Amino acid sequence: MKTALVTGGSRGIGRAVCRQLAQDGYRVIIGCCSHLEQGLELQRELEEKTGLEHRAIQADLRREEEIARLFQEAGPVDLLVNNAGIARQTLFTDVSAEEWDDLFAVNVRGAFLCTRYALPEMIRKKEGCVIFISSMWGQVGASCEAVYSASKAALIGLTKALAKEEGPSGIRVNCIAPGVIHTEMNAGLSSEDLEALRQETPLERIGTPEDIARAVSFLAGEKASFITGQVLGVNGGFVI
Ligand code: NAP
């Protein structure tokens, strides 16, 4: 049986990805930070549904020692979904170095370290799959989200470089760039802002976590076996 580790599995997109991958037959490691209880609830739900053992593990991706423990407890990982992320809306001239460091510590350094811990075993097996969850703002930039946009653009560069480096080891590395998705990350947006974003989206709806989970399932699966180094936009046509 294959093991998938999903960072940020406690809530939002990651939670839907965990559900989808459990349905696809993976043993799922649900990465959590401040919401371990929600991760444990999900673990129980997935175990009841699939009859397999899954596991919620708490680790703050800002701390390398916690990432090391996460991978030690998880065991070898066949699929890594680097999903955990934070967003901030700040006028660029008000962004402090601390805010920059904090956001990059989770969105970029955390994803980099998780990938570094996952890869040696994949390389040894000559098989594996890494998926980064970027954002359409990493492709086109968002006003007042310069740091977030920069962090998500970094994941796109990482995807492309790693796909080239790890391809000969049989490892595929891809990236998903979601559009506006209905999760707590967007809880700060007013209903007017959300409606404006919906209207700007050619498919005229806000995305769901399940929209992203299905894209992860596709990229992780056999149907995508010749796809690597790609950025798949799942955004209802917002960015074309
Ligand atoms: P969310 O609902 O806010 O969930 C964020 C997840 O990241 C939570 O599970 C959280 O864990 C985890 N996390 C945050 N800080 C962490 C840390 N220091 N260490 C470990 N885990 C941490 O966000 P979401 O909307 O599902 O977003 C998931 C990913 O999709 C993010 O990378 C985001 O940038 C990207 N994305 C989202 C949208 C959107 O419109 N929602 C659009 C494009 C891209 P705990 O709750 O356990 O702390």
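A few points on the structure. Computed from a prediction, not measured in an experiment: that's the story for all the values here.

Cut-offs and rules
- Residues numbered from 1 in each chain as written.
- Predicted model: local features only at pLDDT ≥ 70, side-chain atom pairs only at ≥ 80, totals over all residues.
- Heavy atoms only, no water.
- Salt bridge = Lys/Arg side-chain N within 4 Å of Asp/Glu carboxyl O.
- Buried < 20%, exposed > 50% of the residue type's maximum accessible area, 1.4 Å probe, protein only.
- Helix = DSSP H or I, 4+ residues; strand = E, 2+ residues; numbered from the N terminus.
- Expected span 1.5 Å × (residues − 1).
- Core = buried A, V, L, I, M, F, W, Y, C linked by side-chain atoms within 4.5 Å.
- Contact = heavy atoms within 4.5 Å.
- Near = heavy atom within 4 Å.
- Polar contact = N/O pair within 3.5 Å; in protein donor to acceptor, adjacent residues only side chain to side chain.
- Areas by Shrake-Rupley, 256 points an atom, 1.4 Å probe, with all protein chains shown as cover.
- Nonpolar A, V, L, I, M, F, W, Y, C, P; charged D, E, K, R; others polar.
- Phe/Tyr/Trp six-rings, centres within 6.5 Å; stacked < 30°, edge-to-face > 60°.
- Pairing = 2+ DSSP bridges.
- Axes fitted to C-alpha atoms, helices over the stretch in contact; angles between N-to-C directions.

**Let's talk about the pattern of salt bridges**
Thought 1: Under the definition given, this model contains 19 salt bridges.
Thought 2: As a salt-bridge pair, glutamate 37 and arginine 44 come within 3.5 Å of each other at their nearest N and O atoms.
Thought 3: When its relative accessible area of 49% is taken as the criterion, glutamate 37 is described as partly exposed.
Thought 4: Note on arginine 44: relative accessible area 44%, which makes it partly exposed.
Thought 5: Arginine 198 is paired through a salt bridge with glutamate 195; the nearest N and O atoms lie 2.8 Å apart. Placement of the pair is arginine 198 and glutamate 195 together in helix H7 (residues 191-200), with a separation of 3 residues, close to one helical turn.
Thought 6: On the accessibility criterion, arginine 198 (26% relative accessible area) is partly exposed.
Thought 7: One salt-bridge network, held together by shared partners, links Asp60, Arg62, Arg88 and Asp102.

**As for helix H6 (residues 146-166)**
Thought 1: In this model, H6 (21 residues) spans 30 Å end to end at C-alpha, consistent with the 30 Å of a helix rising 1.5 Å per residue.
Thought 2: Looking at H6, one finds that the buried residues are Val147, Tyr148, Ser149, Ser151, Lys152, Leu155, Ile156, Thr159, Leu162, Ala163 and Glu166.

**As for the nonpolar core**
A general trend in soluble globular proteins is that nonpolar side chains are found buried together.
Thought 1: Counting residues in each nonpolar core, the largest one holds 30 residues, and the members touching the most others are Leu21, Val28, Leu79, Ile131, Ile176 and Val216.
Thought 2: The set of elements that each furnish at least two residues to this core consists of strand S1 (3-6), helix H1 (12-23), strand S2 (27-32), helix H2 (36-50), strand S4 (79-82), strand S5 (128-133) and helix H8 (209-220).
Thought 3: Those residues in contact with isoleucine 176 that lie beyond four places of it in its chain are Ile131, Phe132, Ile133, Ser134, Ser135, Ile212, Ala215, Val216, Leu219, Leu232 and Val234.
Thought 4: One finds Phe71, Leu80, Ala118 and Leu155 within the second-largest nonpolar core, a separate group that totals 27 residues.

**Concerning the site of the ligand**
Thought 1: As a structural note, the neighbourhood of the ligand is formed by 31 residues, with Arg11, Ser34, Asn83, Tyr148 and Thr183 the closest of them.
Thought 2: Asparagine 83 has a polar backbone atom sitting 2.7 Å from an oxygen atom of the ligand.
Thought 3: Protein chains bury 95% of the 890 Å² of accessible surface belonging to the ligand in isolation.
Thought 4: Of all the secondary-structure elements, those providing two or more residues to the shell around the ligand are H1 and H6.
Thought 5: A breakdown of the residues in the shell around the ligand according to their chemical character gives 14 nonpolar, 12 polar and 5 charged.

**As for the packing of aromatic side chains**
Thought 1: Counted by the stated rule, this structure contains 3 aromatic pairs.
Thought 2: Centroid distance tryptophan 100 to phenylalanine 104: 4.5 Å. Interplanar angle 10°. Geometry classified as stacked. Within this pair, tryptophan 100 and its partner phenylalanine 104 are both found in helix H4 (residues 97-125), separated by 4 residues, close to a single helical turn.
Thought 3: Relative accessible area serves as the criterion here: at 34%, tryptophan 100 is assigned to the partly exposed category.

**What about the side chain of glutamate 166?**
Thought 1: When you line up the elements, glutamate 166 lands in helix H6.
Thought 2: If sequence neighbours within four positions are ignored, glutamate 166 has contacts with Leu119, Ile123 and Ile171.

**Digging into the sheet that holds S1**
Thought 1: Sheet architecture is open: 7 strands sit in the order S3-S2-S1-S4-S5-S6-S7, paired in parallel fashion. Whereas interior strands pair on both sides, the edge strands pair on one side only; in this sheet they are strand S3 (55-58) and strand S7 (231-234). Going across the sheet, the axis of each strand differs from the next one's by a mean of 20°, ignoring polarity.
Thought 2: Sheet topology places S1 next to S2; 4 bridges connect them, and they run parallel. Pairing of leucine 5 across the sheet is with isoleucine 29, part of S2.
Thought 3: Across the face of the sheet, H8 comes into contact with S4, S5, strand S6 (171-178) and S7 while running at roughly 160° to S6.

**Description of unusual backbone geometry**
Thought 1: Although it is not a glycine, cysteine 144 sits at a positive phi angle of roughly 65°.
Thought 2: The residue glutamate 204 is not glycine, and still its phi comes out positive at about 55°.
Thought 3: Looking at the element boundaries, glutamate 204 is found in the loop between H7 and H8.
Thought 4: Residue classification places glutamate 204 among the exposed residues on the basis of a relative accessible area of 55%.

**Re the environment of arginine 116**
Thought 1: Here arginine 116 lies in helix H4.
Thought 2: On the basis of relative accessible area, arginine 116 is assigned to the partly exposed category, the value being 43%.
Thought 3: Sequence separation between arginine 116 and arginine 27 is 89 residues, and the spatial gap between their C-alpha atoms is 21 Å.

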